[in-house]
Amino acid sequence: MREQRTLGLDVGSRRIGVALSDAYGTLATPLTTIMAVPQAQALERIGRLCAEHEVVEIVVGLPLTLRGEVGPQAETVQKFAEALGQSIALPIQFFDERLTTAAAEQQLRDLGMKPEKRKLQIDQVAAAIILQDYLDQRRNLLREL
C-alpha cells in the first residue's frame, strides 16, 4: 500500500481545525487549530502544513443542514475551499460533517477536559472526526470493489 497522507479541515468563521491521517490513510489524529482570518494567512498556513506532511489530498467538512441541504454556512465553506484550491494544487474533497462538533464536544467532555481547554481542542478534534469518517468510508468503498 502506498503512503498517502490526507489533511482534514473543519472550517469555521473564526477557527479552522486541522487533522492529519497516518501515512497509510487509515487513522486520523488532531493536528492543530489555526485562525480563519485573515484568510490569506490561513491559506498559507494550510499550504505549509500540506508541504511539511507530504499531503496528497484535503478533506473539508461540509456543514449541511440537518435536512442534508447546502445552507449559508456550507456556502461559506465552499467559497473557502475554492480559494484553497486556487492556492494549493491538491485534490479537495467535501465530506458531510453534520453533528461532528457535538461529537467532538462529547468526546472531550468524556475525557474530563475542562471547558476552557475543550474550547482550544474542539476544532481539531472535530476535524479528526470528519477525516476519520472520510477514511473509513473510503476504505469500505474499496473493499466493496
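Refer to the structure printed above.
I will try to describe carefully the structure that is included in this document. (Residues numbered from 1 in each chain as written. Predicted model: local features only at pLDDT ≥ 70, side-chain atom pairs only at ≥ 80, totals over all residues. Heavy atoms only, no water.)

**Some thoughts on the overall build of the protein**
Looking only at helices and strands, one finds four helices and five strands in the protein. Relative to the globule expectation of 15 Å for 145 residues, the C-alpha radius of gyration of the protein, 15 Å, shows essentially globular dimensions. Overall size of the protein, expressed as C-alpha extent along the three principal axes, is 40 × 35 × 35 Å. Considering only residue pairs separated by 6 or more positions, the protein has 60% of its internal contacts joining residues 24 or more positions apart. Looking at the protein as shown, the accessible area adds up to about 8,400 Å², and 53% of this sits on carbon and sulfur atoms. Taking the average location of the 17 positive side-chain charges in the protein and that of its 19 negative ones, the two points are 5 Å from each other. (Helix = DSSP H or I, 4+ residues; strand = E, 2+ residues; numbered from the N terminus. Rg over C-alpha atoms; globule rule 2.2 N^0.38 Å. Contact = heavy atoms within 4.5 Å. Areas by Shrake-Rupley, 256 points an atom, 1.4 Å probe, with all protein chains shown as cover. Lys, Arg positive; Asp, Glu negative; His and termini not counted. Charge placed at Lys NZ, Arg CZ, Asp CG, Glu CD.)

**Topic: the packing of helix H1 (residues 39-52) against helix H2 (residues 72-87)**
Close contact between H1 and H2 brings their axes to 10 Å; oriented N to C, the two are set at 55°. The angle between H1 and H2 falls in the class oblique. Remark: the crossing between H1 and H2 carries right-handed chirality. Residues Gln39, Leu43 and Ile46 of H1 lie in contact with H2, whose contacting residues are Phe80, Ala83, Leu84 and Ser87. Looking at side-chain class alone, the contact of H1 with H2 contains five nonpolar, two polar and no charged residues. (Axes fitted to C-alpha atoms, helices over the stretch in contact; angles between N-to-C directions. Parallel < 35°, antiparallel > 145°, perpendicular 65-115°, else oblique. Left-handed = near helix turned anticlockwise from the far one by under 90°. Nonpolar A, V, L, I, M, F, W, Y, C, P; charged D, E, K, R; others polar.)

**Focus: the pairing of strand E1 (residues 5-11)**
Taking burial as the measure, the seven residues of E1 include six buried ones, the bulk of the element. By the bridge criterion, five bridges tie E1 to strand E4 (residues 55-62) in an arrangement that is parallel. Among the inter-strand pairings, Leu9 is bridged to a residue of E4, identified as Val60. Across five bridges, the pairing between E1 and strand E2 (residues 15-21) is antiparallel. If you follow Gly8 over to E2, its bridge partner there is Ala19. What sits between E1 and E2 in their antiparallel hairpin is a turn of three residues. (Buried < 20%, exposed > 50% of the residue type's maximum accessible area, 1.4 Å probe, protein only. Pairing = 2+ DSSP bridges.)

**Considering the pattern of salt bridges**
Taken as a whole and assessed by the stated rule, the structure comprises five salt bridges. With a shortest N-O distance of 2.5 Å, Asp123 and Arg15 are connected by a salt bridge. Within this pair, whereas Asp123 is found in helix H4 (residues 115-144), its partner Arg15 is found in strand E2, the two being separated by 108 residues in sequence. By relative accessible area, Arg15 is classed as partly exposed at 23%. The salt bridge partner of Arg67 is Glu69, with a shortest N-O separation of 3.6 Å. For Arg67, a relative accessible area of 71% translates into the label exposed. (Salt bridge = Lys/Arg side-chain N within 4 Å of Asp/Glu carboxyl O.)

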